[in-house]
Amino acid sequence: MHRSRHDLHAVLGAALLVVAAALIGRHLRARHDNLFVDWPPLYARWEPHVGPGTPAAILVAAAVVLHGPPLVARLPWRALLLAVWAAATAWTFSLAWIDGWYRGIAERLTSRYEYLRVIDRFQDIPATLRDFTHHILLDSPHHWPPHTAGHPPAATVTFVLLDRVGLGGGGWAGMWCIVVGASAGVAALIAVRALAGEDLARRAALFLVLAPAAVWVGVSADGYFAAVAAWAVALLALAVTGRSPAWAAGSGLLFGLALYLSYGLTLFAVIGCAVLLLGRHGVRRKPVLLLYLLAGLLVVPAVFTALGFNWWEAYHILVERYYQGAGGKRPYGYFVWANLAGTVLVVGLATVAGLRRSVAELIRGAGEALRARRRGPEPGTGTGLQGGSGAGTVPPAGSGAETLSPAGTAVETVPRAETGVETVPRAETGVETVPRPGTGVEAAPQARLAFLVCAALVALLAADLSGMSKAETERIWLPFTVWLLPAAALLPRPRLWLTAQAVLALLLNHLLLTSW
């Protein structure tokens, strides 16, 4: 009850932040007209509407809330991953379809700001890459549209290649972003399972499906970017927890691609370092993993550099272009905190409550570690943030520990002569233990998940403070917000929180007309 009350306080604080951003934003827009957004803090306009996707979205949300928890507990792991991908795709597509096929999907990436407007200028890809930086600035001849200029060329080249294989046009590009973007949740599940155990991954699964972030995954290219970065993290997590070094090479390859999709994804180094720290024992056993990771990381930069594109030069020119446009007029003092209000709407209130628990878990773990260091090692203590198998700790007899089911409900342990506790086993997973207050039993899986989530939060805050993302962060920060969503695995009563997530997403998509 005590923790739930703190969760509600966090949710109330987040709601007040959103209200403040909306009210102050409306005032600034009316008085100074320097926000360049119609419904601050989001890049959207007020337009209540329904559409063909409305019944589908409601049905998907109801099915996930009502039938999701037992399915998550029962499905084998690989089947669960496929089910999560399918459900996330259906949820994202149905939300986008609320605005209609053309307005909601097929025309999203064909506006004058988007990548598909310049497909014809990439007839000779190497020549275009060599000349790419000459068209970034607004006063340059035939300057690129904002999104093409604002990203490295791998973003546009992706849609060029889709066009070359016969999947040209806004419809195919939109579906590419939806289907690939929906796989980001699967990648996050794989990483959470590798680093923090399968029980927590299963509890996070439905929150990765019914995320309000799906409103912007369908359709924006940033949903695709989020998936590439998420799979880079997932493969790295597999590599450091005992898999083949080839996973490290694959991770490096995707990290390299991410750098050439969006300049801001350099901040994924923070999340990558968190994974390496959580799996540091695996890295110590196989230091060659780092060589494979580095080798993979160099591939995409080497290819683009050989073709004539200079990443560093382009980035510095982009900064100048950013301040030539709306970015140079939007007030930093407003967006540095209003961006966070927008992020609340993207991740949902369940994630806010989960983040509160994650931060509290890290603070508690740090305090226990300091106390343990002062008194020296004791037999039977937990492993802190150590990675590897991801298995949970086993409580000593009489510790008063409880287990959590994948649905997030507590199950009492029963004394047994041999081990001191008896738990209800489930096929294919271990059973983790969660300490009751005052027992002193460390819950390593929760601490590892909290560490991963907080690393993503640090990366997001760094992006915020940089001032290079004033407004439109609901799509720009999708790669980071994906990694905040698993925090909801720490919450009890998942159906209640899932309902809140679904209702928020449905309200956003029906009351506002977003630009992505």
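In this report, the structure presented in the accompanying data block is examined. (Residues numbered from 1 in each chain as written. Predicted model: local features only at pLDDT ≥ 70, side-chain atom pairs only at ≥ 80, totals over all residues. Heavy atoms only, no water.)

1. So, the overall build of the protein
Moving on, step 1. Along the backbone of the protein there are 23 helices and five strands.
Moving on, step 2. Going through the 516 residues of the protein one by one, you find that 55% of them count as buried.
Moving on, step 3. Put simply, 83% of the contacts in the protein that link residues at least 6 apart link residues at least 24 apart.
Moving on, step 4. Carbon and sulfur atoms provide 66% of the accessible area of the protein, an area that totals close to 21,500 Å². (Helix = DSSP H or I, 4+ residues; strand = E, 2+ residues; numbered from the N terminus. Buried < 20%, exposed > 50% of the residue type's maximum accessible area, 1.4 Å probe, protein only. Contact = heavy atoms within 4.5 Å. Areas by Shrake-Rupley, 256 points an atom, 1.4 Å probe, with all protein chains shown as cover.)

2. Here we look at the side chain of Ser-94
Moving on, step 1. Structurally, the position occupied by Ser-94 is in helix H3 (residues 77-97).
Moving on, step 2. Reaching out from Ser-94, the side chain makes a polar contact with the backbone oxygen of Trp-91 at a distance of 2.9 Å.
Moving on, step 3. Leave out the neighbours within four places in its chain, and Ser-94 touches Gly-53, Ala-56, Ala-57 and Val-60. (Polar contact = N/O pair within 3.5 Å; in protein donor to acceptor, adjacent residues only side chain to side chain.)

3. Notes on the environment of Leu-484
Moving on, step 1. Following the sequence through the fold, Leu-484 ends up in the loop between helix H22 (478-481) and helix H23 (494-511).
Moving on, step 2. Relative accessible area serves as the criterion here: at 2%, Leu-484 is assigned to the buried category.
Moving on, step 3. Remark: the alpha-carbon pair of Leu-484 and Val-347, spanning 137 residues in sequence, is separated by 7.4 Å.
Moving on, step 4. Setting aside anything within four residues of it in sequence, one finds Leu-484 in contact with Val-347, Thr-351, Leu-355, Val-453, Ala-456, Leu-457 and Leu-460.

4. Considering H3
Moving on, step 1. Taking 1.5 Å of rise per residue, 21 residues should cover 30 Å, and H3 covers 30 Å from first to last C-alpha, within 8% of that figure.
Moving on, step 2. Within the sequence span of H3, burial applies to Trp-77, Leu-80, Leu-81, Val-84, Ala-88, Thr-89, Trp-91, Thr-92, Ser-94, Leu-95 and Ala-96. (Expected span 1.5 Å × (residues − 1).)

5. Some words on a nonpolar patch on the surface
Moving on, step 1. Together, Trp-46, Val-503, Leu-507 and Leu-511 make up a nonpolar patch on the protein surface, roughly 370 Å² of accessible area in all.
Moving on, step 2. Counting residues per element, the nonpolar patch draws most heavily on H23, which supplies three residues.
Moving on, step 3. One can find Leu-507 in helix H23.
Moving on, step 4. Among the residues examined, Leu-507 registers a relative accessible area of 45% and is labelled partly exposed. (Patch = residues over 30% accessible without salt bridge, like charges linked within 9 Å, V, L, I, M, F, W, Y side chains within 5 Å. Salt bridge = Lys/Arg side-chain N within 4 Å of Asp/Glu carboxyl O.)

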